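The chain contents come next:
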Protein chains: 2
Amino acid sequence: MTTAHELTKNQTLVFNTLSRAEGPLSAYTILDQLRGDGFRAPLQVYRALEKLLDYGMVHRLESINAFVACAHPHNHSHNHGMIAFAICEKCGQVSEFSDDIITQRVREWTTQNGFKQTKTTIEIRGVCAACGTA
Amino acid sequence: MTTAHELTKNQTLVFNTLSRAEGPLSAYTILDQLRGDGFRAPLQVYRALEKLLDYGMVHRLESINAFVACAHPHNHSHNHGMIAFAICEKCGQVSEFSDDIITQRVREWTTQNGFKQTKTTIEIRGVCAACGTA
DNA sequence: TTGACTAATGTAATAACATCACATATCGAG
DNA sequence: CTCGATATGTGATGTTATTACATTAGTCAA
Ligand SMILES: [Zn+2]
Ligand SMILES: [Zn+2]
Ligand SMILES: [Zn+2]
Ligand SMILES: [Zn+2]
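Note that the structure is a prediction, hence the values are computed from the model and not measured. (Residues numbered from 1 in each chain as written. Chains lettered and ligands numbered in written order. Predicted model: local features only at pLDDT ≥ 70, side-chain atom pairs only at ≥ 80, totals over all residues. Heavy atoms only, no water.)

A. Inspection of the packing of helix α5 (residues 100-112) of chain A against helix α5 (residues 100-112) of chain B at higher detail. The interhelical angle for the contact between α5(A) and α5(B), taken along N-to-C directions, is 160°, at an axis separation of 9 Å. Taken together, the axis directions place α5(A) and α5(B) in an arrangement best described as roughly antiparallel. Considering the relative orientation of α5(A) and α5(B), their crossing is left-handed. For the pair α5(A) and α5(B), contact is made by A:Ile101, A:Ile102, A:Arg105 and A:Val106 and by B:Ile101, B:Ile102, B:Arg105 and B:Val106, respectively. Grouping the amino acids of the contact of α5(A) with α5(B) by side-chain chemistry returns six nonpolar, no polar and two charged. (Axes fitted to C-alpha atoms, helices over the stretch in contact; angles between N-to-C directions. Helix = DSSP H or I, 4+ residues; strand = E, 2+ residues; numbered from the N terminus. Parallel < 35°, antiparallel > 145°, perpendicular 65-115°, else oblique. Left-handed = near helix turned anticlockwise from the far one by under 90°. Contact = heavy atoms within 4.5 Å. Nonpolar A, V, L, I, M, F, W, Y, C, P; charged D, E, K, R; others polar.)

B. Up close: the sheet that holds strand β4 (residues 94-98) of chain A. Here six strands make up an open sheet; going across it, the order is β4(A)-β3(A)-β5(A)-β5(B)-β3(B)-β4(B) and the pairing mixed. The sheet is open, and its two borders are formed by β4 of chain A together with β4 (94-98) of chain B, each paired with just one other strand. Across the sheet, the mean angle separating the axes of adjacent strands is 20° when strand polarity is ignored. Contacts from α5(A) reach β4 and β5 (116-127) of chain A together with β3 (83-88), β4 and β5 (116-127) of chain B within the one sheet, and its direction differs from that of β5(A) by about 135°. (Pairing = 2+ DSSP bridges.)

C. The protein's contact with DNA strand C, seen in detail. Taken together, 15 residues form the shell around DNA strand C, and within it A:Gln44, A:Arg47, B:Tyr28, B:Leu43 and B:Arg60 come nearest. Counting only the atoms of DNA strand C that lie within 4 Å of the protein, the sugar and phosphate share comes to 45%. Those elements giving two or more residues to the surface near DNA strand C turn out to be α1 (9-20) and α3 (42-54) of chain A together with α3 (42-55) of chain B. For the surface near DNA strand C, the element with the highest residue contribution is α3(A), accounting for four residues. (Near = heavy atom within 4 Å.)

D. Looking closely at the coordination of the zinc ion (ligand 4). Every protein donor of the zinc ion (ligand 4) is accounted for by B:Cys88 (SG), B:Cys91 (SG), B:Cys128 (SG) and B:Cys131 (SG), and the metal-donor separations fall at 2.2 to 2.3 Å. One way to put it: the four donor atoms around the zinc ion (ligand 4) meet at angles of 106 to 114°, and that makes the site tetrahedral. (Donors = N, O, S within 2.8 Å, 3.2 Å for Na, K, Ca; no water. Tetrahedral: all angles 85-135°; square planar, octahedral: opposite > 155°, others 65-115°.)

E. Expanded view of unusual backbone geometry. All names here are of chain A. Residues other than glycine seldom take positive phi values, yet Asn 65 does so here, at roughly 50°. By the secondary structure assignment, Asn 65 is in the loop between β1 (58-61) and β2 (66-69). The exposure class assigned to Asn 65 is partly exposed, which follows from its relative accessible area of 44%. (Buried < 20%, exposed > 50% of the residue type's maximum accessible area, 1.4 Å probe, protein only.)

F. Inspection of the protein's contact with DNA strand D at higher detail. For DNA strand D, the set of nearby residues contains 15 residues, the closest of which are A:Tyr28, A:Arg60, B:Arg40, B:Gln44 and B:Arg47. Atoms of DNA strand D within 4 Å of the protein belong to the sugar or the phosphate in 44% of instances, the rest to bases. For the surface near DNA strand D, the elements supplying multiple residues, two or more each, are α3 of chain A together with α1 (9-20) and α3 of chain B. Sort the elements by how many residues they give to the surface near DNA strand D and α3(B) lands first, with four residues. For the surface near DNA strand D, the class distribution of residues is five nonpolar, five polar and five charged.

G. Layout of the relation of the copies chain B and chain A. Between the two copies, chain B and chain A, the superposition gives an RMSD of 0.0 Å; the rotation angle is 180° and the shift along the axis is 0.0 Å. Look at the turn and shift together and you get a two-fold axis relating the two. For chain B, the smallest separation between a C-alpha atom and the rotation axis is recorded for B:Ile122, amounting to 2.3 Å. Of all interface residues in chain B, 100% are interface residues in chain A too; the two copies therefore contact each other through one and the same surface. (Least-squares fit on C-alpha atoms with pLDDT ≥ 70 in both.)

Written out as structure tokens, the structure is:
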């Protein structure tokens, strides 16, 4: 069970910035948005992000070097499934979902091959429904 | 059917470097290995990589900012499945595989959500069998 | 209270990854 | 040969991430 983590000042600022954002933000974009709050160096952002990632409150999108607030904060501890992201390259919107069958298939491959997985990235890039019809 | 692409000089050099490598290489590592062949700037590597990626001869591993020669050059054009990579964080070895069920599940999600996918990244990081028992 | 320990923060410098802008060269079609 | 398309050379710049070290703030036992 994910106990509500006590966030420090910087962690709170970074998390709120991501939560308010429409889409994923780069660490440097976060930094710029927090200059008014006293942020001056990338490390302040990266350190906060590291903790927020640990807590499962934020996800890193590897394919675009950006970060996004988790869309389903409550579910993560219950289900151990792998999380997939669909990232719209037009509007930046990110949809987060989990598929048990994909999770199971990946586990089967790793089991059969003696591979101990620690982290799995599934990112689908393309154009979302809204942007596709526009 | 993948027609054998005529590679240019730089493309050949970059591809051979990746083919000889044990594991994935960063663009800058490739650059360093090709200094003796006259390479001087990152762009020479990135331009060659761009074409090799187009041709499907090389893959980019988004989660580690590195590139690897395709392990199954013949199959890629025949089967349109998504390709997954298992990356060992100890020894760097990469295993490339394709799973029809995963491909299908992803397609189902995108279809149901009106998402037009252009590229999908599936990367499993962990420890390979050899390193796990060592 | 003090001292000692730990977590969090501040800051500068540097490393690592990637692209832009512009010049030059190479090669085949007409 | 001349033109256009593709490939290459080069420096500067942009973007992302980490290292190293100094400082501050909370915790707790003596
Ligand atoms: Zn989430
Ligand atoms: Zn969109
Ligand atoms: Zn391949
Ligand atoms: Zn290994």
